[in-house]
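Fold and geometry: a report
Here's the letter readout for the chains.
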Amino acid sequence: MTLDVFLQHLANGISLGSLYALIAIGYTMVYGILRLINFAHGDIFMMATYFAFFGGVTFGMPWYISFPLVIVFTAILGVLVEVSAYRPLRDAPKISILISAIGASFLLENLAIVLFGGIPKPFPAPDLFTNVIQIGTVAIQRVTFYIPVVTIGCLLILLYLINKTKTGMAMRAVSKDHETARLMGVNVNRTISLTFGIGSALAAVGGIMWGMKYPQIAPLMGIIPGLKCFIAAVIGGIGDIKGAVIGGFVLGIGEIMLIAFLPDLTGYRDAFAFILLIVILLYKPTGIMGEITAEKV
Amino acid sequence: MKQRNAILTIIAVLLIIVFVMYAQKNLDMYIVRILNVCAIYAILGLSLNLINGFTGLFSLGHAGFMAVGAYATALLTMSQTTKAQIFYMAPLIKPLDTLLMPFPIALLIGGILAAFVAYLIGAPTLRLKGDYLAIASLGFGEIIRVIFTNTQSITNGALGLKGIPAVTNLWWSFGMTAFTLIILVSLINSSYGRALKAIREDEIAAESMGVNLFKHKMISFMTGAFFAGIGGGLLGNLLGTIDPKMFNFIFTFNILLIVVLGGMGSLTGSIIAAFIVTIGNEVLRFLDESMDLGFVVFNGKVGLRAVVFSALLMVVVIFYRHGLMGTNEFSWNAVLNKKFWLKPFTRKKPLAKGGSR
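Residues numbered from 1 in each chain as written. Chains lettered and ligands numbered in written order. Predicted model: local features only at pLDDT ≥ 70, side-chain atom pairs only at ≥ 80, totals over all residues.

Within chain A, the regular secondary structure consists of 12 helices and 4 strands. Against the globule reference of 19 Å for 297 residues, chain A gives a C-alpha radius of gyration of 19 Å, in line with a compact fold. On the principal axes, the C-alpha backbone points of chain A span a range of 60 × 50 × 35 Å. Across the 297 residues that make up chain A, the buried fraction comes to 49%. Sequence-distant contacts, at least 24 apart, represent 75% of the contacts inside chain A between residues at least 6 apart. (Helix = DSSP H or I, 4+ residues; strand = E, 2+ residues; numbered from the N terminus. Rg over C-alpha atoms; globule rule 2.2 N^0.38 Å. Buried ≥ 20, exposed ≤ 12 C-beta atoms within 10 Å, placed from the backbone. Contact = placed C-beta atoms within 7 Å.)

Shown next as structure tokens:
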């Protein structure tokens, strides 16, 4: 393998890893605050790509108007899912909430099939992002470079929000203990909804960029990335935002390199993440950044 | 009272046997097939209920275990010529291409293989607390599908298996449901079963009472997988064709719906729900097709049925958390009690955390 081919793979790996990281942040935030696998997150990501499709194709909006709208609508959708599927079950046993999460996920997928049709649609990617640039012998789409930059930007904003603002403090308090946070005057339900909103907004950013990199959207496209991003969050240490980003990069780069170096295993691409998950769970059950917590009785 | 109940049970069993005898001979193919599917779904629901409802483990890999059972049973019962015909992309590997076994033994091997795979999955994940099992078992279900799609010389890849002998009839499906029910009831009423329920209620308390968490979780997980494998084997030999795509997550989801609707921790609930869900699925088929109601033309859309089903699951979980039966079992005393029929909504509810009394 020559150096330029390797660099091309590396660039693809980093951009795929960035996309995983963006979606994994949503999983890890929700898990941190509710101890719940938000199965619907991958489908919220899918809905974001459809919103972008309608904004760009049906209404013919330019990207700088359509993309912010997509982010807002996806955040609203995330909050809606939280309010309708998770809030009524706040005190229910965990297994009920998980089932409700799966139900919400299937509802979104099937609604997408009924409303948008099962046939894949092209994503309206602006030329500005899809232009190919030539560096020596390496030809790479512009968006491949933009994705990591946007991811790092989003991460910095998010870390500022969580560590430096009052809202972030409320989020951290709720993730430690709902009851105590409530006693301290934190509006727990509003904080949880906000977490879902932020997570979904990041999923929307991820969805838009995913659409530009892999420009075909379908109702079931969210399942596999959703599962993989949850795995990325677990690998990094679930509940930890930096961990989710690290996990995303590990998974994305690992996956691309697996295909690059062992092309025979291309068919097993989707299994790689799960095997990595089981290996990580065996040797470091709390993930790379996770801390071990003892359960109090 | 006890004598009366025993007589009633015997009468019910006899009635079911007579019904099966009648149905197998006289009802049309379509209905017999639906009844078969009902019974197979009952087996799958029962086995998932043991894992999810009785032990409190959240396993989402059931379709994977079924796939293992279905492929093993199918490969062991297909004739040599059929195998040679369908494996045209790559020939079947050596011992399998001529191996032929009677259906019951093939079914058993399918179940044992599924249980063995469950051991491999469970060994790393059952030691962990929390939701890791959910995601690892879900991942496993996907991996099985990926592996089966890629191992052309064993599973025929994405083409799937065709021409599987249609051995499954009502005797097999209803008989295996009864067998599953008997085994699971004996397991749950044994000291093992009490340990499983203790784990469901509180792992830490169970552990401090001397319950070996890993061992008991493994027993539950492997037993569940064994019956999932048997259910898969029956299904494969009923449908005649199987392919990896069939055993996707949506399949697990349907079974989960059965478990939740019937009540997590109620075996009879799972059986009732299996019949309701399967028959409901057939009845709701009109949603996917166009229909002329005389005064208005209803334009069905493909996928609408799935929307209704997912919405149904959420409604059940949110508003009717305990399902049809909660953690109660069917009993003659309750059915013959007049109050039971008069006031269906004042029945004693199970404990809020899903525990049993």
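That was the structure; now back to the text.
What follows covers the environment of Phe-123 of chain A. Residues and elements named next belong to chain A. For Phe-123, the location among the structural elements is in the loop between strand E1 (121-122) and helix H5 (127-130). Between the C-alpha atom of Phe-123 and that of Phe-54, which follows or precedes it by 69 residues, the distance is 9.6 Å. Beyond its immediate stretch of four places on either side in the chain, Phe-123 contacts Thr-49, Ala-52, Phe-53, Gly-211, Met-212, Pro-215, Gln-216 and Ile-217.

Attention shifts here to the environment of Ala-114 of chain B. Residue and element names in this part refer to chain B. Mapped onto the secondary structure, Ala-114 falls in helix H6 (residues 103-125). Given 30 C-beta atoms within 10 Å, Ala-114 falls into the buried group. Sequence separation between Ala-114 and Ala-67 is 47 residues, and the spatial gap between their C-alpha atoms is 8.5 Å. Excluding its chain neighbours within four sequence positions, the residues that come into contact with Ala-114 are Phe-65, Val-68, Gly-69, Ala-225, Phe-226, Ala-228 and Gly-229.

Attention shifts here to the pairing of strand E2 (residues 132-135) of chain A. Residue and element names in this part refer to chain A. Note: E2 against strand E3 (residues 138-141), 4 bridges, orientation antiparallel. Across the sheet, the residue bridging to Ile-135 is Val-138, located in E3. Count of turn residues in the E2/E3 antiparallel hairpin: 2 residues, of which Gly-136 carries a positive phi of about 65 degrees. (Pairing = 2+ DSSP bridges.)

Attention now moves to helix H4 (residues 94-116) of chain A. Residue and element names in this part refer to chain A. Between its first and last C-alpha atoms H4 spans 33 Å; for 23 residues at 1.5 Å apiece the expected length is 33 Å, and the two agree. When you tally the buried positions in H4, you get 19 out of 23 residues, the bulk of the element. Looking at the residues trailing H4, positive phi occurs at Gly-117, about 85 degrees. (Expected span 1.5 Å × (residues − 1).)

This part covers the interface of chain A and chain B. In many analyses, interface size is given as the accessible surface area lost on bringing the parts together. Listed as interface residues are 36 residues of chain A and, on the opposing side, 38 residues of chain B. Examining the composition of the side of chain A that touches chain B, we find that 14 residues originate from one element, H4 of chain A, more than from any other. Taken together, the residues that form the side of chain A that touches chain B break down as 29 nonpolar, 5 polar and 2 charged. (Nonpolar A, V, L, I, M, F, W, Y, C, P; charged D, E, K, R; others polar.)

Attention now goes to the confidence of the model for chain B. All names here are of chain B. Residue-level pLDDT values for chain B average 83, and 90% of them are 70 or greater. Of all helices and strands in chain B, the one with the weakest mean pLDDT is strand E2 (residues 297-298) (58), whereas helix H12 (residues 213-239) scores best (93). Confidence drops under a pLDDT of 50 for residues 343-357, and excluding neighbours within four residues, the segment shows 15 contacts in the predicted structure. Interface confidence in the predicted complex, given as ipTM, is 0.77; pTM for the same model is 0.84. (pLDDT = per-residue confidence, 0-100.)

How two helices sit against one another is set out by the angle between their axes and by the gap between those axes. Interaxial distance between helix H12 (residues 269-283) of chain A and helix H7 (residues 132-150) of chain B falls to 9 Å at its minimum, and their mutual angle equals 140 degrees. Our pair here, H12 of chain A against H7 of chain B, has a crossing hand that is left-handed. Each of Asp-270, Ala-271, Phe-274, Leu-277, Ile-278 and Leu-281 of chain A in H12 of chain A lies in contact with H7 of chain B, whose residues at this interface are Tyr-132, Ala-136, Gly-139, Phe-140, Glu-142, Ile-143, Val-146 and Ile-147 of chain B. Its residues assigned to classes, the contact of H12 of chain A with H7 of chain B comprises 11 nonpolar, 1 polar and 2 charged. (Axes fitted to C-alpha atoms, helices over the stretch in contact; angles between N-to-C directions. Left-handed = near helix turned anticlockwise from the far one by under 90°.)

As for its placement among the helices and strands, Val-307 of chain B is situated in helix H15 (residues 304-319). For Val-307 of chain B, a count of 21 C-beta atoms within 10 Å gives the class buried. Val-307 of chain B has contacts with Leu-107, Asn-110, Leu-111 and Val-114 of chain A, leaving out every residue within four places of it along the chain.

Our next topic: the packing of helix H7 (residues 166-176) of chain A against helix H9 (residues 188-213) of chain A. All names here are of chain A. Direction vectors running N to C along H7 and H9 enclose 105 degrees, while the axes themselves pass 10 Å from each other. Taken as axis vectors, H7 and H9 run roughly perpendicular relative to one another. Together, Thr-167, Ala-170, Met-171 and Val-174 of H7 and Val-188, Thr-191, Ile-192, Leu-194 and Thr-195 of H9 make up the contact between the two elements. Each residue belonging to the contact of H7 with H9 can be placed in one class, and the counts come to 6 nonpolar, 3 polar and no charged. (Parallel < 35°, antiparallel > 145°, perpendicular 65-115°, else oblique.)

Take unusual backbone geometry next. Glycine aside, a negative phi is what most residues show, and trans is what most peptide bonds show. One non-glycine residue, Arg-35 of chain A, lies in the positive phi region at around 55 degrees. Considering the arrangement of structural elements, one finds Arg-35 of chain A in the loop between helix H1 (3-34) and helix H2 (41-58). The exposure class assigned to Arg-35 of chain A is partly exposed, which follows from the 14 C-beta atoms found within 10 Å. Phi is positive for Asn-156 of chain B, which is not a glycine, with a value near 65 degrees. Take Asn-156 of chain B: it is sitting in the loop between helix H8 (152-155) and helix H9 (170-189).

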